[in-house]
Amino acid sequence: MDLFTKKAQKKIYISKLDCEAIVSLMNNGFTFIDSCNLIENNQNKNMFKTIKSKLEIGEEISEVFLEFCPLEYKSYFISFIKFLPFKNSLSLAISIYNESKNQRKIYLKKMVYPVLMLICTIVGIYVFILIAFPVLISLMKEFNNDLNHIIKIQKISYILLNILFVFISLILLLILFYIQKNNKVKGYKLISKFKISRLIKLLVCNDFARFYEQCLSIGCSTLESINILKSLNEKPVIVFLADKIDKALLKGEPMEKAFKSIYFDKGLYRFLNISMYISNMDEMIKGYIKVNEIKINKFYNIFLYSIQIITYSSISLVLVFVYQILMMPLNIISNL
């Protein structure tokens, strides 16, 4: 009985697919209620019945929808409904969520293989030095060889690998600290001061441009778009950048100058500067995103090739070294 009660009390949300269908139908002239009627089925009919009954007694559509909004869209929808009508708020929430999810998948997919390859190589060499190397040395001692230089190589390799492990651990700890929501802006401010931040700036500004373009695509003005991006609490770095632009505009600076900051990619400033003369900012933003994707892919390819070279070179050195050790007894026998 308790299990049944818990199941009955479990909160039900509109599915993401139904949300997309509602936006699509509303974009084609249907009302919210008509859209719900058209996509109603056995799974959602009770929920839609509750929604329609609440609307019939005069409750606001935005407040009613928030009760049943999918958790993935909810934080975005809450931010956008302050500035935009219901249809635009839901449409923008869906677009930005899907855009973020797709980009995250792309970045992770490209990073996982080279990073795993590097980690496996380092761990493999470390295990070899700790376990296999001493065994090989003990075998060679049976042939009364002078193994001092080999032992020195083992000790130096062991020290270097420990230093490398400590360095990687520190980097990972810093990354884990700065990817926390409350620390992301601090981390971005810190890394923006260094030249190595170019890839990070490209990734962040690419996301900013995507969200900005999504706002423009539904008819938002520049100021509306900036205010909407300032409300994206799920994206603290985007909020920080939007706030920087807003403050610059309030000081009377032109739009293109507002983007001229160490926190923005220089390419974004150049594209926006050109757009001021051709009066087509939306197309220029799309162009910037496409160019950025080419640059980001180039960075990833260089990173992947570098990791592959380091990995294959390390494995080759280990194999050559092992081969030389194993050949020592044969060299001794041939010299007898």
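Scroll up to find the structure this text is about.
What you see is a predicted model, and the numbers here were worked out from it, not measured in a lab.

With respect to the overall build of the protein chain
Step number 1: Each helix and strand in the protein chain was counted, giving 15 helices and 0 strands.
Step number 2: Evaluated residue by residue, the protein chain yields a buried proportion of 38% over its 336 residues.
Step number 3: Taking contacts inside the protein chain between residues at least 6 apart in sequence as the whole, the part at least 24 apart equals 61%.
Step number 4: Of the roughly 20400 Å² of accessible surface on the protein chain, 63% is carried by carbon and sulfur atoms.

Concerning helix α10 (residues 198-217)
Step number 1: With 20 residues, α10 ought to run about 28 Å at 1.5 Å a step, and its terminal C-alpha atoms sit 28 Å apart, in line with that.
Step number 2: Within α10, 15 of the 20 residues are buried, leaving the element largely enclosed by the surrounding structure.
Step number 3: Looking one or two residues past α10, glycine 219 carries a phi angle of roughly 95°, positive in sign.

Details of the packing of helix α3 (residues 32-39) against helix α4 (residues 45-56)
Step number 1: Look at α3 against α4: their axes get within 11 Å of each other, and the N-to-C directions meet at 160°. Taken together, the axes of α3 and α4 are roughly antiparallel relative to one another. With respect to the hand of their crossing, α3 and α4 are arranged in left-handed fashion. Judged by residue contacts, Phe32, Ile33, Cys36, Asn37 and Ile39 of α3 engage Phe48, Ile51, Lys52 and Leu55 from α4.

Some remarks on a positive patch on the surface
Step number 1: Together, Lys195, Arg198, Lys266, Arg270 and Lys298 make up a positively charged patch on the protein surface.
Step number 2: Locating lysine 298 in the fold gives a position in helix α15 (residues 281-334).
Step number 3: You can call lysine 298 exposed: its relative accessible area is 56%.

A few points about the side chain of threonine 121
Step number 1: Within the secondary structure, threonine 121 sits in helix α7 (residues 86-141).
Step number 2: Setting aside chain neighbours within four positions, we find threonine 121 in contact with Thr311, Ser314 and Ile315.

Some thoughts on the side chain of asparagine 292
Step number 1: The residue asparagine 292 is located in helix α15 in this model.
Step number 2: What asparagine 292 contacts, discounting residues up to four positions off in sequence, is Leu202, Cys205, Asn206 and Asp265.

Quick look at the pattern of salt bridges
Step number 1: One pass over the structure, following the stated rule, counts 10 salt bridges.
Step number 2: Between glutamate 40 and lysine 52 there is a salt bridge; the shortest N-O distance is 3.3 Å. Here glutamate 40, found in the loop between α3 and α4, pairs with lysine 52, found in helix α4; they are 12 residues apart in sequence, far enough to count as distant.
Step number 3: Taking the shortest distance from any N to any O, the salt bridge between lysine 247 and aspartate 243 comes out at 3.2 Å. Of this pair, lysine 247 and aspartate 243 both sit in helix α12 (residues 236-250), separated by 4 residues, roughly a single helical turn.
Step number 4: Exposure remark for lysine 247: the relative accessible area of 48% places this residue in the partly exposed category.
Step number 5: Among the ionic contacts, a cluster of salt bridges with common partners joins Lys230, Asp243, Asp246 and Lys247.

Focus on the packing of aromatic side chains
Step number 1: Summed over the entire model, instances satisfying the criterion amount to 12 aromatic pairs.
Step number 2: Taking the centre distance of 5.8 Å and the plane angle of 75° together, the rings of phenylalanine 77 and phenylalanine 86 count as edge-to-face.
Step number 3: A ring pair is formed by tyrosine 188 and tyrosine 263, whose centres lie 6.5 Å apart and whose planes are at 35°; its orientation type is tilted. Placement of tyrosine 188 in helix α9 (residues 184-191) and of tyrosine 263 in the loop between α13 (255-258) and α14 (266-278) is noted, with a sequence separation of 75 residues between them. When sorted by exposure, tyrosine 188 lands in the same class as tyrosine 263, which is buried.
Step number 4: Members of the aromatic cluster, joined through ring pairs, are Phe32, Phe65, Phe77 and Phe86.

Some remarks on the packing of α4 against helix α5 (residues 61-68)
Step number 1: Across the interface, α4 lies against α5 with an axial gap of 10 Å and an inter-helix angle of 155°. In this view, α4 runs roughly antiparallel relative to α5, as classed from their interaxial angle. For the pair α4 and α5, the crossing hand works out as right-handed. Side by side, α4 and α5 meet where Met47, Thr50, Ile51, Lys54 and Leu55 of the first sit next to Ile61, Val64, Glu67 and Phe68 of the second.

Conventions used here
- Residues numbered from 1 in each chain as written.
- Predicted model: local features only at pLDDT ≥ 70, side-chain atom pairs only at ≥ 80, totals over all residues.
- Heavy atoms only, no water.
- Helix = DSSP H or I, 4+ residues; strand = E, 2+ residues; numbered from the N terminus.
- Buried < 20%, exposed > 50% of the residue type's maximum accessible area, 1.4 Å probe, protein only.
- Contact = heavy atoms within 4.5 Å.
- Areas by Shrake-Rupley, 256 points an atom, 1.4 Å probe, with all protein chains shown as cover.
- Expected span 1.5 Å × (residues − 1).
- Axes fitted to C-alpha atoms, helices over the stretch in contact; angles between N-to-C directions.
- Parallel < 35°, antiparallel > 145°, perpendicular 65-115°, else oblique.
- Left-handed = near helix turned anticlockwise from the far one by under 90°.
- Patch = residues over 30% accessible without salt bridge, like charges linked within 9 Å, V, L, I, M, F, W, Y side chains within 5 Å.
- Salt bridge = Lys/Arg side-chain N within 4 Å of Asp/Glu carboxyl O.
- Lys, Arg positive; Asp, Glu negative; His and termini not counted.
- Charge placed at Lys NZ, Arg CZ, Asp CG, Glu CD.
- Phe/Tyr/Trp six-rings, centres within 6.5 Å; stacked < 30°, edge-to-face > 60°.

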